Amino acid sequence: MSLSRRASRRTAFFLLYQWDVTGQPLASLYEGEVDDFALETAEAVGGRVEELDARITAAAEGWTADRLGAVERNILRVATYELEEGEVPLEVVIDEAVTLAKRYASDEAGRLVNGILGRIARGTEVA
C-alpha cells in the first residue's frame with residue numbers, strides 16, 4: 001500500500017490518539033491495512049511516550065503533556081519523534097503538525113502546537 005507521508009502521519013496520529021484515549025494495546029487498534037510508515041511511527045512513539053512527553057512538557061511553558069488535549073498531545077508526540085529522528089525537514093514536521101491540530105482541534109491548538117514545536121526545534125538545533 002503506497003500512501004503519502006502526510007496520510008501515513010495522520011494514520012499514526014489516529015492510532016496513537018485511540019490508544020491514548022482508550023488505554024487499549026496499540027496492536028489491538030489496527031483495523032484494515034495500516035501502511036508500514038504509520039505502523040512503525042505509532043509503535044516507536046508508543047514506546048517512547050515518557051521521553052517524548054518530558055520534552056513536550058519542558059517546551060510547553062507551564063503546561064504538562066498530560067494536561068494537553070489528547071489530540072494536541074498525540075500530534076506533538078508524533079512531531080517530536082519526527083524532529084528527533086531528523087529524516088523529515090523541520091519546517092515540514094511543524095507545518096504538518098499545525099495542519100493536523102487545526103483540522104482535528106482548533107486554530108488555537110494549531111498555534112499551541114506551533115509554539116511548542118518551535119521551542120523543541122530550537123532546543124534540538126542547539127544540542
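Residues numbered from 1 in each chain as written. Predicted model: local features only at pLDDT ≥ 70, side-chain atom pairs only at ≥ 80, totals over all residues. Heavy atoms only, no water.

*Asks:* Would you take a moment to explain the packing of aromatic side chains for this structure?
*Replies:* Aromatic ring pairs: the centre-centre distance and the angle between the two ring planes describe each pair. On inspection of all chains with the given rule, the structure shows four aromatic pairs. Relative to Tyr104, the ring of Phe13 lies with its centre 5.8 Å away and its plane at 45°, an arrangement referred to as tilted. Taken together, the residues span a long stretch of sequence, with Phe13 in helix α1 (residues 5–22) and Tyr104 in helix α5 (residues 90–104) at a distance of 91 residues. You can call Phe13 buried: its relative accessible area is 3%. With relative accessibility at 28%, the residue Tyr104 sits in the partly exposed group. One residue, Arg67, lies across the ring of Trp63, its end atom 4.5 Å from the ring centre. (Phe/Tyr/Trp six-rings, centres within 6.5 Å; stacked < 30°, edge-to-face > 60°. Helix = DSSP H or I, 4+ residues; strand = E, 2+ residues; numbered from the N terminus. Buried < 20%, exposed > 50% of the residue type's maximum accessible area, 1.4 Å probe, protein only. Lys NZ or Arg CZ within 6 Å of the ring centre and 35° of its normal.)

*Asks:* I would appreciate a short explanation of the nonpolar core in the present structure.
*Replies:* When a protein is soluble and globular, its nonpolar side chains tend to lie buried together. Grouped together as the largest cluster of nonpolar side chains are 24 residues, with contacts concentrated most on Ile56, Ile75, Leu76, Val113, Ile116, Leu117 and Ile120. Among the elements of the structure, α3 (49–59), α4 (70–85), α5 and α6 (107–126) are those that each provide at least two residues to this core. Residues in contact with Leu76, not counting those within four places in the same chain, are Ile56, Leu68, Val113, Ile116 and Leu117. Counting twelve residues, the second largest nonpolar core, distinct from the first, contains Leu26, Ala38, Ala42 and Val45. (Core = buried A, V, L, I, M, F, W, Y, C linked by side-chain atoms within 4.5 Å. Contact = heavy atoms within 4.5 Å.)

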